[in-house]
Protein chains: 2
Amino acid sequence: MGSPMRGRCVEVVFVDDLAPKTEDITFDEERLKAKLSLMGFNGVFFPLKVLRKLPKLLRENDFKVWLILLKTESGWEVVEASLNKPKKVLGVAVDLGSTGIAFYVYDYLKSQLVEKYSILNPQIEVGEDILTRLHFARKEKNLEYIRKITVEAINKELIKFGKDEVFYLSICGNTVMSHFLAGLPVDNIFMEPRSPVVKDYGIRKAEEYQLDAHPLARTYVFPSVGPYFGGDIIAGLFYSGIHRKEDGFYFFIDVGTNAEVVLGNRDFLLACSGAAGPALEGGIFECGCQAKPGAITTVRITKEELEYQTLNQEKPVCICGSGVIDLIAELFKAGLLSYEGKLLPNFMKERFKKLEDELVFIVAFKEETSHGRDIYIKESEIKSFLRSKGAMHTILTLLCEKVGLSFEDIERFYIAGTFGNHIKVESAVTLGMLPKQALYKAEGLGNAAGEGALKFLIEPNLDEIKHILRNTTFIELNKEPRFMELFAGSRFIPVE
Amino acid sequence: MGSPMRGRCVEVVFVDDLAPKTEDITFDEERLKAKLSLMGFNGVFFPLKVLRKLPKLLRENDFKVWLILLKTESGWEVVEASLNKPKKVLGVAVDLGSTGIAFYVYDYLKSQLVEKYSILNPQIEVGEDILTRLHFARKEKNLEYIRKITVEAINKELIKFGKDEVFYLSICGNTVMSHFLAGLPVDNIFMEPRSPVVKDYGIRKAEEYQLDAHPLARTYVFPSVGPYFGGDIIAGLFYSGIHRKEDGFYFFIDVGTNAEVVLGNRDFLLACSGAAGPALEGGIFECGCQAKPGAITTVRITKEELEYQTLNQEKPVCICGSGVIDLIAELFKAGLLSYEGKLLPNFMKERFKKLEDELVFIVAFKEETSHGRDIYIKESEIKSFLRSKGAMHTILTLLCEKVGLSFEDIERFYIAGTFGNHIKVESAVTLGMLPKQALYKAEGLGNAAGEGALKFLIEPNLDEIKHILRNTTFIELNKEPRFMELFAGSRFIPVE
């Protein structure tokens, strides 16, 4: 009888024994609904298109039928009825990031993930950073342009999977990305009084977004809590499961364009976000980059030598966020950096160089790199990093203070994002970015947002997501005088 | 603040004070939803189309907006948002009869019925009676043809009202008519084991039926209880309100193609239908017709003369159902008819004539009629009528017996249909069609089906309709041995 799982976004079921009995007059649809109800499907809607072919289908097939059901806000909708078992039934989760769009293709017949990959977000053409895109989108026709290229980029992939076989889409993105996808004006997201248009997109027909899937396919877009706290974080939290934890307290830390941090459990979720992200991710350094092949991810410095590793063991191209953390921590431990972030050329003097009147430290010499240029870090970049790590530590401290907790009370530090996958926790602790309690309690979640979107395809628990929305309290840093107090002391490297 | 009524199928509301406050970040849609909730609208859905223009609309209009909301299965949908109050907002109730289609146009801004008229059902082109149409529709392309001409006939009227201003349709018809409208196969409705396709059509987008209304308009089609008990009866019951009566017992009698009778109150609804209809309606008599201008509706016979009245005082064309009842009752009282239905030419001999070896009674001579032919009734037709009225009386008796009631216990006899508007209750009682208790307790409801569909536009109480569906028990006459026992004695005119 169909799939063993009940209640995924898409269910493929086989129903038999549907013949009418002479004793009682019943309706084809009514008998089918009664059977489906016994199978756990309630609130089932049949489009006329399906009902029109149902009687013949049943009578030519000994009153048996295969159905494809989709989860709707209020129950289920039967979108296909057929003699034979459907050949391919897919769901697609999309993590709509401002840089990349990640796709997760889930096969409902095999009950497994069959494909997972990323493409570049075509919006980059309009502007690398979100602010440029926001500015561009102020004109109505430009907003429509951004919407169109975004939807077209997704559609190009959907067509590859077989668009009529894609029955569900689960999409998460930050507040701006979700607005772009839906073609909603973004003018008021960051302009006081700030007011994005939509909080909860809910489940809509894919055609409302002009997404090229099955004609009756549905699309779920994760809701936002606010301008800085979007559907990607909600999806990440949904994946992390901290909102379901009954005992203890948990941190969910997502470092993307912003650093978003949530502290809580089943009873409360206290959220905060700060512009700590770019510096931590490595994106804003002259030789920095996000994690990609050739990015320096780890660094080790002894009296004698400096060793580094790159992603995919390729020739170094740049240094990514986790590499920066490692580098700065190693510099400090080796005595080449003061607790205030001042470079100290005590040894390895060949690696220190003046560039435009500023001291820099060379991690990889031009002879070693793929592009033939030095990869280095500037003193000012180190100071900027220390401010960012200070902001991160301050956010963690502030959230704990808000609920009267200390770091000792934290059960687990979940770290999401590509950053979370590569970070050496020890270095982050050395620098005072994470508290020492994180040393044995940190756990990388990978792309929690994308995984959360995928999870929705399999466990579309709207109540859980509503619970997250309802229980989340968002703290704005600029309204917290205590932030500046804490921050002042956190911009240095802790000395034991 | 908009209309004083809340909860009609369509509501037009004005919402103001929607500016975002600096203290808390909220979303345009969220603030609007909060206001609507205070106004009594919960579970509100905004299509992206509306959301896309909302921010600009609000900001160019001092944060005020006019909205049009439609009732959906699970709440409301906002289908229009505008700066100015909408000019015309209509709902259309349609009584889809097998002969005529009645339209009721309701103006939601004026809160009143603005138009009411009927057109002929175009399906008549395919066949006068339902059986011919059912046979025709067995071929898939013929079914599609019937669906198309039916929808086109309705669309032709909708375009006149202004299709983009029609936001809701409420449609009732018998089980076959509803299937035709929805394009559903009718093959199995009357073939054992009987099984129509759909019981409860629910609220759907008008576009699913290809009805030409506002792009987001909704259509409600009344549900059926069974092949003989369709949405027209449900709508009629809904209008009569007997399902809400807390005290006493009530009859709802609808004489159309079939005679449908329901006995009950808030606690139960016992329904029965029989082929009593055509003979009672006058349709199957040689000189018979349904009520129309020139139809003889009342007859009076004294020793000296015969008097009759016609609808609209036009020259007589035919004799309708109520005229037949009157005529037969008067013939009997004058001594021109035996209790068994045998014509007795005791006087007025010029009115008795042999036609093809059968005695007939002339009501109007050819000199008086509009077509220059005699209008008469045949002895065999009288006998056929007596069987029909016997069936009606038997159904009433049977229903009472089923629940241990006598006619004394009946609070009211509601008689629906054009028939119910013209029938002289005294004559019906004389003939033993209605029990003598009906004499002061009968009440004509007019076109209860059409009025019920109209009522839905104003009070879309789905729970009430579900209550009717749930509480209705349908009795099949051919499965009731007691029917034949009772029927045997009821085919005569009662002699005091």
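So, here's what we can say about the structure. What you are looking at is a predicted structure, and each value in this text was computed from that prediction instead of being measured. (Residues numbered from 1 in each chain as written. Chains lettered and ligands numbered in written order. Predicted model: local features only at pLDDT ≥ 70, side-chain atom pairs only at ≥ 80, totals over all residues. Heavy atoms only, no water.)

**Details of the overall build of chain A**
A count of helices and strands for chain A gives 14 helices and 23 strands. Here the C-alpha coordinates of chain A stretch approximately 95 × 50 × 45 Å along the principal axes. Looking at chain A as a whole, 61% of its 496 residues are labelled buried. Long-range pairs, those at least 24 residues apart, make up 64% of the contacts in chain A between residues at least 6 apart in sequence. A total of about 19800 Å² of accessible surface is found on chain A, and carbon and sulfur atoms cover 51% of it. Once the 62 positive and 69 negative side-chain charges of chain A are each reduced to a mean point, those two points are 2 Å apart. (Helix = DSSP H or I, 4+ residues; strand = E, 2+ residues; numbered from the N terminus. Buried < 20%, exposed > 50% of the residue type's maximum accessible area, 1.4 Å probe, protein only. Contact = heavy atoms within 4.5 Å. Areas by Shrake-Rupley, 256 points an atom, 1.4 Å probe, with all protein chains shown as cover. Lys, Arg positive; Asp, Glu negative; His and termini not counted. Charge placed at Lys NZ, Arg CZ, Asp CG, Glu CD.)

**Points about the pattern of salt bridges**
All names here are of chain A. This model, assessed by the stated rule, comprises 60 salt bridges over all chains. Put simply, Arg 482 and Glu 485 hold a salt bridge, and the shortest N to O gap is 3.0 Å. Of this pair, Arg 482 and Glu 485 both sit in helix α14 (residues 481-490), three residues apart, which is roughly one turn of the helix. A relative accessible area of 30% places Arg 482 in the partly exposed class. (Salt bridge = Lys/Arg side-chain N within 4 Å of Asp/Glu carboxyl O.)

**Focus on the side chain of Thr 297 of chain A**
Residue and element names in this part refer to chain A. Assignment of secondary structure puts Thr 297 in strand β15 (residues 295-301). Accessibility expressed as a relative area gives 8% for Thr 297, which makes it buried. Beyond its immediate sequence surroundings of up to four residues, Thr 297 is in contact with Gln 309, Thr 310, Leu 311, Cys 320, Ser 322, Gly 323 and Asp 326.

**Regarding the environment of Lys 110 of chain B**
Counting through the fold element by element, Lys 110 of chain B comes out in the loop between β6 (100-107) and β7 (112-120). Residues Lys 110 of chain B and Arg 491 of chain B, 381 residues apart in the sequence, show an inter-C-alpha distance of 51 Å.

**Side note on the relation of the copies chain B and chain A**
For these two chains of identical sequence, chain B goes onto chain A by a turn of 180 degrees and a shift of 0.0 Å along the axis, with RMSD 0.1 Å. What the rotation and shift describe, once combined, is the action of a two-fold rotation axis. Among all residues of chain B, the minimum C-alpha distance to the rotation axis is found for Ser 74 of chain B, at 3.6 Å. The overlap is high: 100% of the interface residues of chain B also sit at the interface in chain A, so the same surface is used on both sides. (Least-squares fit on C-alpha atoms with pLDDT ≥ 70 in both.)

**Re the interface of chain B and chain A**
At the interface, 47 residues of chain B touch 47 residues of chain A. Summing both partners gives a buried area of about 3900 Å² for chain B against chain A, and 56% of it is carried by carbon and sulfur. Between the two partners, chain B and chain A, sit four salt bridges. For Lys 56 of chain B, the salt bridge identified is with Glu 140 of chain A, shortest N-O distance 3.4 Å. At the junction of chain B with chain A, the criterion picks out 24 residue pairs in polar contact (both at pLDDT 80 or more). In terms of residue count, helix α2 (residues 48-59) of chain B provides more of the side of chain B that touches chain A than any other element does, seven residues in total. The class makeup of the residues in the side of chain B that touches chain A is 19 nonpolar, eight polar and 20 charged. (Buried area = accessible area lost by both parts, 1.4 Å probe. Polar contact = N/O pair within 3.5 Å; in protein donor to acceptor, adjacent residues only side chain to side chain. Nonpolar A, V, L, I, M, F, W, Y, C, P; charged D, E, K, R; others polar.)

**Focus on the pairing of strand β8 (residues 166-173) of chain A**
All names here are of chain A. Burial analysis of β8 places eight of its eight residues in the buried class, which makes it a mostly covered element. As defined by bridge partners, strand β5 (residues 90-96) adjoins β8 across seven bridges and the pair is classed as parallel. For Val 92, the partnering residue across the bridge sits in β8 and is Leu 169. Looking at chain direction, β8 and strand β10 (residues 218-221) are connected through four bridges and run parallel. Its bridge partner lying in β10, Ile 171 is registered against Val 221. (Pairing = 2+ DSSP bridges.)

**Some words on the sheet that holds strand β3 (residues 65-71) of chain A**
Residues and elements named next belong to chain A. Reading across from one edge, β1-β3-β4-β2 is the order of the four strands in this open sheet, with mixed pairing throughout. A single partner strand is all that each edge strand has here, and the edge strands are β1 (10-15) and β2 (44-45). Here β1 pairs with β3 via six bridges, running antiparallel. Each residue of the ladder has a partner; that of Val 13, found in β3, is Leu 67. On the sheet, helix α2 (residues 48-59) packs against β3 and β4 (76-82) and is oriented at approximately 45 degrees with respect to β4. (Axes fitted to C-alpha atoms, helices over the stretch in contact; angles between N-to-C directions.)

**With respect to the state of the cysteines**
In a disulfide, the sulfur atoms of two cysteines are held together by a covalent bond. Residues and elements named next belong to chain B. A full pass over the atoms with the stated rule returns two disulfides over all chains. Here Cys 289 connects covalently by a disulfide to Cys 318, the sulfurs 2.0 Å from one another. The chirality of the disulfide connecting Cys 289 with Cys 318 is right-handed, given an S-S dihedral of about 65 degrees. Here Cys 289 is found in strand β14 (residues 288-289), whereas its partner Cys 318 is found in strand β17 (residues 318-320), with 29 residues between them in sequence. (Disulfide = S-S within 2.5 Å.)

**Quick word on the environment of Ala 449 of chain B**
All names here are of chain B. Inspection of the secondary structure assignment puts Ala 449 in helix α12 (residues 448-458). Residue classification places Ala 449 among the buried residues on the basis of a relative accessible area of 5%. Every residue in contact with Ala 449, bar those within four places of it in the chain, is listed here: Asp 95, Cys 172, Asp 232, Ala 235 and Gly 236.

**Observations concerning the packing of aromatic side chains**
Describing an aromatic ring pair means giving the distance of the ring centres and the angle of the ring planes. Tallied over the full model, the rule gives 38 aromatic pairs over all chains. Aromatic side chains Tyr 117 of chain A and Phe 161 of chain A sit 6.4 Å apart centroid to centroid with 70 degrees between the ring planes, which places their arrangement in the edge-to-face category. Here Tyr 117 of chain A is found in strand β7 (residues 112-120), whereas its partner Phe 161 of chain A is found in helix α4 (residues 140-161), with 44 residues between them in sequence. Plain terms: the ring middles of Phe 249 of chain B and Phe 268 of chain B are 6.1 Å apart, the flat faces sit at 50 degrees to each other, and that makes the pair tilted. Separated by 19 residues along the polypeptide, Phe 249 of chain B in strand β11 (residues 249-255) and Phe 268 of chain B in the loop between β12 (259-264) and β13 (269-274) bring together distant segments of the chain. A residue is classified by how much of its surface remains accessible, and Phe 249 of chain B, at 24% relative accessible area, is partly exposed. A network of ring pairs unites the aromatic residues Tyr 220, Phe 222, Phe 238 and Phe 456 of chain A as a single cluster. (Phe/Tyr/Trp six-rings, centres within 6.5 Å; stacked < 30°, edge-to-face > 60°.)

Everything listed here is a matter of coordinates, which is why it stays silent on function.
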